[in-house]
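Each chain, written out:
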Amino acid sequence: MKKAVIGGFLTLSGSVGLGAVLISVSSNMAMGWTTPPGRIMTTVLDNGALIPLIVSLAMLALGLIVLAVEYFRK
């Protein structure tokens, strides 16, 4: 039960962090970009939000993995 709470907390924190990064990036979109990385990733790189984006994605993934393991353990 304790691991499920930790997994839920990580998932919630990761999704809130990801939403915050995407909202901050969408309010300051880049004017010039190239096709391979795309407009959002170019804006993320220009604003220096790559590390918070990676940390939020890692927390979200880790939380989902913990929840899945605890769900299938029973």
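This section reports on the structure supplied with the text. All values reported here derive from a predicted model rather than from experimental measurement.

1. Some words on the packing of helix α1 (residues 2-26) against helix α3 (residues 50-73)
In step 1: Axis separation between α1 and α3 bottoms out at 7 Å; the angle between their running directions is 150 degrees. Viewed along their axes, α1 and α3 adopt a mutual orientation that is roughly antiparallel. Here α1 runs over α3; the crossing is left-handed.

2. Some points on the side chain of T11
In step 1: Inspection of the secondary structure assignment puts T11 in helix α1.
In step 2: Here the side chain of T11 touches G63 through a polar contact of 3.5 Å, landing on its backbone oxygen.
In step 3: Contacts of T11, omitting those with residues within four sequence positions, involve M59, L60, G63, L64 and L67.

3. Digging into helix α2 (residues 38-47)
In step 1: Residues of α2 that are buried include every one of G38, T42, T43 and V44, and no others.
In step 2: As for α2, its buried residues are in contact with α1 and α3.
In step 3: Downstream of α2 by a residue or two, G48 has a phi angle that is positive, lying close to 75 degrees.

4. Let's talk about α3
In step 1: Its 24 residues place the ends of α3 34 Å apart at the C-alpha level, agreeing with the 34 Å of an ideal helix rising 1.5 Å per residue.
In step 2: For α3, the full list of buried residues reads L53, S56, L60, G63 and E70.

5. Some remarks on the nonpolar core
In step 1: Membership of the largest hydrophobic core is limited to 7 residues, which are L18, V21, V25, V44, A49, L53 and L60.
In step 2: Within the residue set of this core, elements represented by two or more residues are α1 and α3.
In step 3: With 3 residues, the single largest contributor to this core is α1.
In step 4: Dropping the residues within four chain positions of it, L18 is found in contact with L53, S56, L57 and L60.

6. Some points on a nonpolar patch on the surface
In step 1: On the surface, M41, L45, L50 and I54 cluster together into a nonpolar patch covering about 330 Å² of accessible area.
In step 2: Secondary-structure elements contributing two or more residues to the nonpolar patch are α2 and α3.
In step 3: Position of L45 among the secondary structure elements: in helix α2.

Cut-offs applied
- Residues numbered from 1 in each chain as written.
- Predicted model: local features only at pLDDT ≥ 70, side-chain atom pairs only at ≥ 80, totals over all residues.
- Heavy atoms only, no water.
- Axes fitted to C-alpha atoms, helices over the stretch in contact; angles between N-to-C directions.
- Helix = DSSP H or I, 4+ residues; strand = E, 2+ residues; numbered from the N terminus.
- Parallel < 35°, antiparallel > 145°, perpendicular 65-115°, else oblique.
- Left-handed = near helix turned anticlockwise from the far one by under 90°.
- Polar contact = N/O pair within 3.5 Å; in protein donor to acceptor, adjacent residues only side chain to side chain.
- Contact = heavy atoms within 4.5 Å.
- Buried < 20%, exposed > 50% of the residue type's maximum accessible area, 1.4 Å probe, protein only.
- Expected span 1.5 Å × (residues − 1).
- Core = buried A, V, L, I, M, F, W, Y, C linked by side-chain atoms within 4.5 Å.
- Patch = residues over 30% accessible without salt bridge, like charges linked within 9 Å, V, L, I, M, F, W, Y side chains within 5 Å.
- Areas by Shrake-Rupley, 256 points an atom, 1.4 Å probe, with all protein chains shown as cover.
- Salt bridge = Lys/Arg side-chain N within 4 Å of Asp/Glu carboxyl O.

Everything listed is a geometric property; what it means functionally is a separate question.
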